[in-house]
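Fold and contact review
This is what each chain is made of:
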Amino acid sequence: MCFGRCTRCIGCKLLILALLSIVTNILLYFPNGETRFASEHHLSKYVECLHGILGGGLLVLIPAAVFIGLHNADCCGCFGHENCGKSCAMLSSVLAAFVGILGSGYCIIISALGLSHGPYCYTRAERNWIYPFTESSGGYLFEYNKWSKCQEPQNIVQWNVTLFSILLVLGGIEFILCFIQIINGILGGVCRLCCSHEEMFAC
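It should be emphasised that the depicted structure is a prediction, and the values quoted were computed from it without experimental measurement.

Things to note about the state of the cysteines
Applying the stated rule across the entire model yields one disulfide. Between the sulfur of Cys121 and that of Cys150 lies a disulfide, 1.9 Å long from S to S. Every disulfide takes its handedness from the sign of the S-S torsion; for Cys121 and Cys150 that torsion is -55 degrees, giving left-handed. Pair noted here: Cys121 is in strand S1 (residues 121-123) and Cys150 is in strand S3 (residues 150-152), with a separation of 29 residues, a long-range link. When sorted by exposure, Cys121 lands in the same class as Cys150, which is buried. Lacking any disulfide linkage, Cys9 is separated from the closest cysteine sulfur, that of Cys6, by 6.5 Å.

Written out as C-alpha cells, the structure is:
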C-alpha cells in the first residue's frame, strides 16, 4: 500500500508551503522593507489578521508534522495486527487534514478580502490615510493608472497585490493537498482495516 508514502509526501509539501506562507505574511508588515508603517499602524486591517502566519502557517504545520511522522505511527493494541494500528493512524490523519483545511481556508478568505479592498494608504486628494479602492470591489486590480492614488507607503499597491496573491495561491494549494489527504486517509484506513480483518479470519 502506498497510502502512507503519499501522506508523508503531502506532509513535506505542506511544511514548505506553511513556511513560505509565514514569510510572506511577515513581509506584508514591512512595505519596501520599512518598519515605521507597522509601528504607526498604517497597514491594511487584513494584514493584521495574521492569515499567513496563523492560518496558512501554524494551522497547516500541525497536519504537516502529523503526516510526516505518520510512517512511524501505529495505534498499538489491535491484537498484534500491524495493519489495524496503521489503519487507526491513517484515519486519525483525516482529523489533522481538517485542521489544515480550516487554516488554509482562513488564509484564502482573508487574502481575497485584502485584494478586494485594496491597501490602506495616504492619498493627496483626501490628505488622509484611507482605503481608496474599497468601492471598486477589486476592479482597481486592472486599473493600473489609478494605483498612483496611494502616495505612501511608496508602491504599496504593487506590494500588497503581489503578497496577497502569493498567499491566496499558497492557501489554495494547501487546501487542495489537505482535501486530497482526507480522501487518502479514509481510503488508506478502510483498506488497512479490511486487510486486518482478513488476517484475523485467516487465523
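Quick notes on the nonpolar core
If you look at the biggest cluster of nonpolar residues, it comprises 22 residues, and the most contacted ones within it are Leu28, Val47, Tyr140, Cys150, Val157 and Phe164. At the level of elements, helix H4 (82-117) and helix H5 (156-202) are the ones that each hand at least two residues to this core. Looking at this core, the element that brings in the most residues is H5, giving six residues. Among residues more than four places away in sequence, those in contact with Phe164 are Leu28, Tyr46, Val47, His51, Ile110, Ser111, Gly114 and Leu115. One finds Leu14, Leu17, Phe67 and Cys178 within the second-largest nonpolar core, a separate group that totals 15 residues.

Topic: helix H3 (residues 51-68)
A bend of about 30 degrees at Leu61 is the largest found in H3, and the proline Pro63 appears one to four places after it. Taken residue by residue, H3 has His51, Gly52, Gly55, Gly56, Gly57, Val60, Pro63, Ala64 and Phe67 as its buried positions.

As for the pattern of salt bridges
Using the criterion set out here, one finds three salt bridges in the structure. One salt bridge in this structure joins Arg36 and Glu34, with 3.0 Å as the shortest N-O distance. Since its relative accessible area comes to 29%, Glu34 is described here as partly exposed. We note a salt bridge from Arg36 to Glu152, for which the minimum N-O separation is 2.7 Å. Here Arg36, found in helix H2 (residues 36-39), pairs with Glu152, found in strand S3; they are 116 residues apart in sequence, far enough to count as distant. Relative accessible area serves as the criterion here: at 26%, Glu152 is assigned to the partly exposed category. A network of salt bridges, in which partner residues are shared, links Glu34, Arg36 and Glu152.

Description of unusual backbone geometry
Note the cis peptide between Glu152 and Pro153, where omega equals -5 degrees. Structurally, Pro153 is set in the loop between S3 and H5. Despite not being glycine, Asn32 has its phi angle at roughly 60 degrees, a positive value. Looking at where Asn32 falls in the secondary structure, it is placed in the loop between helix H1 (3-28) and H2.

Quick notes on the rules
Residues numbered from 1 in each chain as written. Predicted model: local features only at pLDDT ≥ 70, side-chain atom pairs only at ≥ 80, totals over all residues. Heavy atoms only, no water. Disulfide = S-S within 2.5 Å. Helix = DSSP H or I, 4+ residues; strand = E, 2+ residues; numbered from the N terminus. Buried < 20%, exposed > 50% of the residue type's maximum accessible area, 1.4 Å probe, protein only. Core = buried A, V, L, I, M, F, W, Y, C linked by side-chain atoms within 4.5 Å. Contact = heavy atoms within 4.5 Å. Bend = angle between axes of the 7 residues up to and from the residue. Salt bridge = Lys/Arg side-chain N within 4 Å of Asp/Glu carboxyl O.

The analysis is restricted to geometry; functional conclusions fall outside its scope.
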